[in-house]
Amino acid sequence: MKIFFTSFFFLLVFHLSFSQNGTENPEPEIIDSLYREDQFYLGFTFNLLNTLPENITQSGFSGGLHLGFMRDMPINEKRNWAIAAGLGWSINTYSANLFIGEDENDNTIFQSLAEKNIEYDTNRYTMYLVEAPIEIRWRTSTPTTYSFWRVYAGIKFGYIYYFKSNFKQPGNRVVQTKVDELQRFRMGLTLAAGYNKVNFYCYYGLNPFFDGEMPNGEEVGMKTVKIGLMFYIL
């Protein structure tokens, strides 16, 4: 009987001690007052072509995939304003009726397929880029808030490290990967706005894709506007 009461006493003391630790002295919450919004991003866009030459139109679906990482650097005490810089990768496709080929002297040919009434199955350009975005950021985040409103505006620099023009028609295919007139260095304005992880995204290209001429002497040009969704992940 003595052993029973002794055991019961120690169990009671242990239970009361555990209860006090769990209710009266909870583990303090650690708040990071120097938080950053360092973020991975993933985006999907519909790519539009503008400033097109005469008789050149966009056709079919043109899309883009964008991903990378941004380093966040707050610039005020509340940390709701920041500057961010990062590194990313992007693949973009465009479909139009502008044929890109070569003559017998390896000179680039830019030709309107509509003007020549040429029937074809596919005429698509694919571009792979490395990119360096820079943003000015405003958000309603706090050290304990992970869902917030944001507006990120900036400029994005890029370099096309691989380009392919793919033309297909029955019994014929023309692939071009080397186009001297291609402006590989890219520059565009960006805007992302939304709530939590899903945000509206827009990119406005500042320089044209090609520094060449059509047969009539008109500049090829062709700039792009990308509209889609951007997902930010901490």
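Conventions used here
- Residues numbered from 1 in each chain as written.
- Predicted model: local features only at pLDDT ≥ 70, side-chain atom pairs only at ≥ 80, totals over all residues.
- Heavy atoms only, no water.
- Helix = DSSP H or I, 4+ residues; strand = E, 2+ residues; numbered from the N terminus.
- Contact = heavy atoms within 4.5 Å.
- Pairing = 2+ DSSP bridges.
- Buried < 20%, exposed > 50% of the residue type's maximum accessible area, 1.4 Å probe, protein only.
- Phe/Tyr/Trp six-rings, centres within 6.5 Å; stacked < 30°, edge-to-face > 60°.
- Lys, Arg positive; Asp, Glu negative; His and termini not counted.
- Salt bridge = Lys/Arg side-chain N within 4 Å of Asp/Glu carboxyl O.
- Polar contact = N/O pair within 3.5 Å; in protein donor to acceptor, adjacent residues only side chain to side chain.

A short note on the overall build of the chain
Link 1 in the chain: A count of helical and extended segments in the chain gives one helix and 13 strands.
Link 2 in the chain: In sequence order, the chain lays out its α and β elements as α-β-β-β-β-β-β-β-β-β-β-β-β-β.
Link 3 in the chain: Excluding contacts between residues fewer than 6 apart, the proportion of contacts in the chain whose partners are at least 24 apart in sequence is 68%.

Describing the pairing of strand E6 (residues 122-139)
Link 1 in the chain: The sheet contact formed by strand E3 (residues 81-95) and E6 spans 13 bridges and is antiparallel. The residue of E6 that forms the bridge with Tyr 94 is Tyr 125.
Link 2 in the chain: The pairing of E6 with strand E7 (residues 149-169) spans 18 bridges and is antiparallel. Considered in E7, the bridge of Thr 126 is made with Lys 164.

Comments concerning the pairing of strand E10 (residues 198-205)
Link 1 in the chain: The two faces of E10 differ: Asn 199, Tyr 201, Tyr 203 and Gly 205 on one face are buried, but Val 198, Phe 200, Cys 202 and Tyr 204 on the other face are not.
Link 2 in the chain: In this sheet, E10 lies alongside strand E9 (residues 185-195) in antiparallel orientation, the contact comprising eight bridges. Residue pairing across strands places Leu 191 opposite Cys 202, the latter belonging to E10.
Link 3 in the chain: Connecting the antiparallel pair E9 and E10 is a turn made up of two residues, with Asn 196 showing a positive phi of about 60°.
Link 4 in the chain: Pairing of E10 with strand E13 (residues 223-233), which is carried by seven bridges, proceeds in the antiparallel orientation. Directly across from Tyr 204, in E13, lies its bridge partner Val 225.

A look at the packing of aromatic side chains
Link 1 in the chain: Here the structure, examined in full by the defined rule, presents 15 aromatic pairs.
Link 2 in the chain: Ring centres of Phe 40 and Phe 69 lie 5.0 Å apart, and the angle between their planes is 55°; on these two criteria the pair is classed as tilted. Of the two residues, Phe 40 is situated in strand E1 (residues 39-50) and Phe 69 in strand E2 (residues 63-74); the sequence distance between them amounts to 29 residues.
Link 3 in the chain: For Phe 40, a relative accessible area of 47% puts it in the partly exposed group.

Quick word on the side chain of Lys 226
Link 1 in the chain: Positionally, Lys 226 belongs in strand E13.
Link 2 in the chain: Here Lys 226 sits buried without a salt bridge, and the closest side chain of opposite charge, Glu 131, lies 4.5 Å off (N-O distance).
Link 3 in the chain: Reaching out from Lys 226, the side chain makes a polar contact with the side chain of Asn 92 at a distance of 3.4 Å.
Link 4 in the chain: Those residues within four positions of Lys 226 in sequence are excluded, and the remaining contacts are Thr 45, Phe 46, Asn 47, His 66, Asn 92, Tyr 94, Tyr 201, Cys 202 and Tyr 203.

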